[in-house]
Amino acid sequence: MTATVRTARRDPNRRRPAPATVRPVTVDLDERGRLLVPGTRTPVPEARVAEHLARYLKVPARATDLYVYVHGWQTAPAAADRSAAALISRAAELHRTAPVDYPGLERGYRPWCVVVRWPSSSLPSPAGYRRIRDRAHAMSAPGQGQAGYVLGHLLGYLDAGRTDPADPAVLANRAGQYLHLVGHSFGGRFLCEAVQRAADRPTSGPRVLSWSAAADSARPFTADSALIFQMAAPRDAFDRLFPDLFATPGRSGAPLRGPLVLTHSRWDRATGFWHLRAEGQPGIGHSGVGVAPVRQYSATLRPAGSPYSRQTLDHPLVNLDAGDVYRGGLAARLVPGAGAHSDFHHPESAHLLLSLASLSR
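Residues numbered from 1 in each chain as written. Predicted model: local features only at pLDDT ≥ 70, side-chain atom pairs only at ≥ 80, totals over all residues. Heavy atoms only, no water.

Draft legend 1. Structural context of the overall build of the protein chain. Within the protein chain one finds twelve helices and eight strands. Among the 361 residues that make up the protein chain, the fraction classed as buried is 54%. The long-range share in the protein chain, meaning contacts at least 24 apart out of those at least 6 apart in sequence, stands at 73%. (Helix = DSSP H or I, 4+ residues; strand = E, 2+ residues; numbered from the N terminus. Buried < 20%, exposed > 50% of the residue type's maximum accessible area, 1.4 Å probe, protein only. Contact = heavy atoms within 4.5 Å.)

Laid out in structure tokens, this is it:
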């Protein structure tokens, strides 16, 4: 009894319990990028992809921010779930403990996440890296794989399923919930391909967002932000691989309304050392984007408590140098030879994710 009393006396001074961990739902793809029936290796027929997504994915009405997370190289399915849950849960905790740093989220931040899982494992070697690079390309390339088609349907479904907010005054997009894309490594390729594919189906309806880019009512959906950690792609990928992603003279571009933000670190050996030998140049995850059809802005990854201004992130393409934070650590030991390629689970990453959500309002 005495011990119980002492514990009770400490309770008012104890830190409040952390919120429940974000538990993502999952979508699985096979080596050809085909959507799989949950718990099986059976592909969903292409004509039934939209029906399948509508049946198995239910967007909670109370969610404020919807995330689509696509993992990268050397990530098992369970590890992909943990990675997404850890990143978004940390962002939710950060908002709970320091809400004044994110004024756009004054009405709340209740994230919900879909994790897209795909076979990304190989030997931790240059040959293994090339193998997964080639698979990622084949899974998403038009005429070869269905990954872009499936993800395009997923993004369109989530957009169509967004619910109206309780208060019309906060209607900042056509349905009130915000859609964010998050990728790592080769997962960034899938997302860029999917956004391009999603531009194929026109629709109507206004798009009113707070980013400076003009809205295009002909696009099938709007993604409010895109964040890619350590992208495994050539530095000229946005010229060569994703030419339809951004609006340019004579081309309307894909339905990405917010910025595309990419981190890079000189300590990333997978997109540095190995990518250099596989493709003749370092990758974006090591050196940032090189040439691109739109203006770029370069900045440094900021710590929690140091807010990002809209002027820093409100650009079509933002390169963030994360070399002072992404240096290796445990992630480098888990994937030998990859360096800092998977070392993005830091408070600074959650701060960036949360800042993009806040500034999307």
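Draft legend 2. Representation of the packing of helix H2 (residues 49-56) against helix H5 (residues 147-160) in the model. Two elements in contact, H2 and H5, have axes whose closest approach is 10 Å; the angle formed by their N-to-C orientations is 50°. The orientation of H2 relative to H5 falls into the category oblique. With respect to the hand of their crossing, H2 and H5 are arranged in right-handed fashion. Residues Val49, Ala50, Leu53 and Ala54 of H2 pack against Tyr149, Val150, His153, Leu154 and Tyr157 of H5. Broken down by class, the residue content of the contact of H2 with H5 amounts to eight nonpolar, one polar and no charged. (Axes fitted to C-alpha atoms, helices over the stretch in contact; angles between N-to-C directions. Parallel < 35°, antiparallel > 145°, perpendicular 65-115°, else oblique. Left-handed = near helix turned anticlockwise from the far one by under 90°. Nonpolar A, V, L, I, M, F, W, Y, C, P; charged D, E, K, R; others polar.)

Draft legend 3. Local environment of the packing of aromatic side chains. All chains considered together, the criterion is met by four aromatic pairs. Consider the rings of Trp118 and Phe190, whose centres lie 4.8 Å apart with planes at 75°: the pair is edge-to-face. Of this pair, Trp118 sits in the loop between strand S3 (111-117) and helix H4 (126-140) while Phe190 is found in helix H6 (residues 187-198), placing the two residues 72 residues apart along the sequence. This pair shows no difference in class: Trp118 is buried, exactly as Phe190 is. Three or more aromatic residues link up through ring pairs in this structure, and these residues are Phe238, Phe242 and Phe246. (Phe/Tyr/Trp six-rings, centres within 6.5 Å; stacked < 30°, edge-to-face > 60°.)

Draft legend 4. Region of the structure containing the nonpolar core. Counting residues in each nonpolar core, the largest one holds 58 residues, and the members touching the most others are Val68 and Phe238. Here this core takes seven residues from H5, the largest share from any one element. In this structure, Leu301, Leu313, Val318 and Leu356 belong to the second largest nonpolar core, which totals 37 residues. (Core = buried A, V, L, I, M, F, W, Y, C linked by side-chain atoms within 4.5 Å.)

Draft legend 5. The arrangement of helix H12 (residues 347-359) in detail. The first and last C-alpha atoms of H12 sit 18 Å apart over 13 residues, in line with the 18 Å expected at 1.5 Å per residue. The buried fraction of H12 amounts to twelve of the 13 residues, a majority that puts the element mostly inside the structure. Burial in H12 covers these residues: Glu348, Ser349, Ala350, His351, Leu352, Leu353, Leu354, Ser355, Leu356, Ala357, Ser358 and Leu359. (Expected span 1.5 Å × (residues − 1).)

Draft legend 6. Seen up close, unusual backbone geometry. The phi dihedral of Ser185 is positive, around 60°, even though this residue is not glycine. Along the polypeptide, Ser185 turns up in the loop between strand S4 (178-184) and H6. Accessibility expressed as a relative area gives 0% for Ser185, which makes it buried. Even without a glycine there, the phi angle at Gln230 is positive, about 50°. You can see Gln230 is positioned in the loop between strand S5 (225-229) and helix H7 (237-240).

Draft legend 7. Molecular detail of the pattern of salt bridges. Tallied over the entire structure, the rule returns eleven salt bridges. Note that Arg41 and Glu31 form a salt bridge whose closest N and O atoms lie 3.3 Å from each other. Remark: Glu31 occurs in the loop between strand S1 (25-28) and H2 and Arg41 occurs in the loop between S1 and H2; sequence separation between them is ten residues. Under the relative-accessibility criterion, Glu31 is labelled partly exposed at 40%. (Salt bridge = Lys/Arg side-chain N within 4 Å of Asp/Glu carboxyl O.)

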